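Chain residues, written in single-letter form:
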Amino acid sequence: MTRETAIGLFLVAVLLAFPLVASAMGEPFYITLATRMAVLALAAVGLNVALGLGGLVSFGHAAFFGIGGYVAGILASHAFNQEPIFSTPFAFMGSDRMPVVWLFAMLVSALVALPIGAISLRTSGVYFIMITLAFAQMIYYFAMSWPAYGGEDGLSILSRNTFPGLNTANPLSLFAVCYGLLLVALLVFAVLRDSRFGAALLASRQNATRLAAVGIAPFPVRLAAFVISAAITGLAGALYADLNRFVSPSMLSWQMSGELIVLVILGGTGRLFGPVAGAMLFVMIEFVLGGITERWQFFLGLILLGVVLFARGGLVGVLAGKVRHG
């Protein structure tokens with residue numbers, strides 16, 4: 001077992017222990033805090049596929065995060081009101097079943113990411129950053145002007161979606177669901193990273209021309225990574241909406257995209273457990289410093305600046321040393 005793996009397993013164990021201790025102490029707020037860590041870590045795992053493995057600095061992943069949230073909210077709203085979302089060729093009344101919601105959230109996010117990625121990946125560098133931001137802002141303003149689902153006021157989820165065999169109204173049960181999906185996403189990331197697809201993706205990041213020279217087209221590899229990344233982030237968005245029982249255009253905003261990038265950088269870009277470390281650190285900074293001052297983002301900025309200048313591998317990189325791929 002490598003040092004990085006040991007550190008990652010320790011972080012995952014701490015994240016699991018935190019809500020269990022809080023439950024034993026009768027502190028449901030801290031269980032919710034741990035659930036938020038797990039959901040944001042899941043979203044960061046999604047972005048880490050594109051950014052960490054593919055070097056795709058997407059400033060528009062909030063679009064997929066928000067789409068996942070809106071899918072959860074819309075399906076739950078129609079299921080609660082017993083109103084069909086569409087009636088042709090058959091009537092679909094929505095759903096309050098989490099597995100169904102997750103499937104739709106991932107599918108819709110992936111379908112939206114496909115044309116966005118196909119267009120955006122024709123560019124590179126700052127142009128790629130700006131075009132992904134532009135697409136995200138288009139979706140943001142569409143949600144703002146969509147009165148059927150709350151417009152700028154957002155959409156409330158009156159009753160939390162259900163999972164077979166669990167009472168999701170119980171904070172600990174909801175954490176267990178989110179934590180389990182985070183572990184699955186980490187496994188998916190590890191498999192992708194260590195596969196031939198992952199090797200091709202890393203090669204396209206380092207030198208796309210050389211990759212093409214050995215007979216592998218970089219564009220399909222990058223597009224596949226972008227779509228997979230969007231699907232995972234969309235799943236996290238659905239969980240975030242369920243956690244808050246509310247979805248709003250703020251989930252689609254450029255600030256949310258920046259927050260996801262911050263999570264990846266804080267934990268360690270391309271690191272398997274980087275998103276977990278980044279989400280835990282971010283939420284703790286927000287909770288601790290937010291209770292002291294309203295300007296806690298200033299101190300977060302200082303920490304981020306320090307990471308960029310002196311700890312390029314993020315928190316996991318500082319503790320584990322130089323990253324190794326493959």
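Data block above holds the structure.
Calculation notes
- Residues numbered from 1 in each chain as written.
- Predicted model: local features only at pLDDT ≥ 70, side-chain atom pairs only at ≥ 80, totals over all residues.
- Heavy atoms only, no water.
- Salt bridge = Lys/Arg side-chain N within 4 Å of Asp/Glu carboxyl O.
- Helix = DSSP H or I, 4+ residues; strand = E, 2+ residues; numbered from the N terminus.
- Buried < 20%, exposed > 50% of the residue type's maximum accessible area, 1.4 Å probe, protein only.
- Phe/Tyr/Trp six-rings, centres within 6.5 Å; stacked < 30°, edge-to-face > 60°.
- Expected span 1.5 Å × (residues − 1).
- Contact = heavy atoms within 4.5 Å.
- Core = buried A, V, L, I, M, F, W, Y, C linked by side-chain atoms within 4.5 Å.
- Polar contact = N/O pair within 3.5 Å; in protein donor to acceptor, adjacent residues only side chain to side chain.

### Examining the pattern of salt bridges
A complete count under the given rule lists three salt bridges for this structure. Here Arg271 and Glu4 are joined by a salt bridge, their closest N and O atoms 2.9 Å apart. Of this pair, Arg271 sits in the loop between α10 (254-267) and α11 (274-290) while Glu4 sits in helix α1 (residues 3-24), and the two are 267 residues apart along the sequence. For Glu4, a relative accessible area of 16% translates into the label buried. Put simply, Arg193 and Asp194 hold a salt bridge, and the shortest N to O gap is 3.2 Å.

### A short note on the packing of aromatic side chains
Considering all chains together, one arrives at 15 aromatic pairs under this definition. Judged by centre distance (5.7 Å) and plane angle (85°), the ring pair of Phe64 and Phe226 falls under edge-to-face. Linking Phe64 in helix α3 (residues 62-81) with Phe226 in helix α9 (residues 218-244), this pair joins segments that are 162 residues apart in sequence. Considered together, Phe64 and Phe226 belong to a single accessibility category, that of buried residues. Relative to Trp296, the ring of Phe282 has its centre 5.9 Å away and its plane inclined at 75°; by these criteria the two rings are edge-to-face.

### Concerning helix α5 (residues 126-144)
Taking 1.5 Å per residue, 19 residues should reach 27 Å; α5 reaches 27 Å between its end C-alpha atoms and fits that length. For α5, the full list of buried residues reads Phe128, Thr132, Leu133, Phe135, Ala136, Gln137, Tyr140 and Ala143.

### As for the environment of Phe189
Among the structural elements, Phe189 can be located in helix α6 (residues 171-194). For Phe189, a relative accessible area of 2% corresponds to the buried category. In this structure the C-alpha to C-alpha distance between Phe189 and Gly150, which are 39 residues apart in sequence, comes to 35 Å. In this structure, Phe189 is in contact with Val45, Asn48, Val49, Leu53, Gly270, Arg271 and Leu272, ignoring residues within four places of it in sequence.

### Examining the nonpolar core
By size, the foremost hydrophobic cluster in this structure holds 90 residues, and its most contacted members are Leu15, Leu42, Trp102, Leu182, Leu186, Val276 and Phe282. By residue number, the principal contributor to this core is helix α2 (residues 28-53), which donates 16 residues. Aside from chain neighbours lying at most four places away, what touches Leu182 is Leu15, Ala38, Ala41, Leu42, Val45 and Val276. The next biggest cluster of nonpolar side chains, apart from the first, holds 14 residues, and it includes Ala110, Ile116, Leu121 and Ala230.

### Looking at the side chain of Arg36
Its location among the elements puts Arg36 in helix α2. Arg36 has contacts with Tyr240, Leu243, Glu259, Val283 and Glu286, leaving out every residue within four places of it along the chain.

### Some words on α6
Helix length check: α6 (24 residues) gives 35 Å between terminal C-alpha atoms against 34 Å at 1.5 Å per residue, within 8%. Residue Asn170 occupies the N-cap position of α6, its side-chain oxygen lying 2.8 Å from the main-chain nitrogen of Leu172.

### Regarding unusual backbone geometry
Notably, Gln82 is not glycine yet its phi reads approximately 55°, a positive angle. Checked against the element boundaries, Gln82 lands in the loop between α3 and α4 (98-120). One non-glycine residue with positive phi stands out, namely Arg245, at about 55°.

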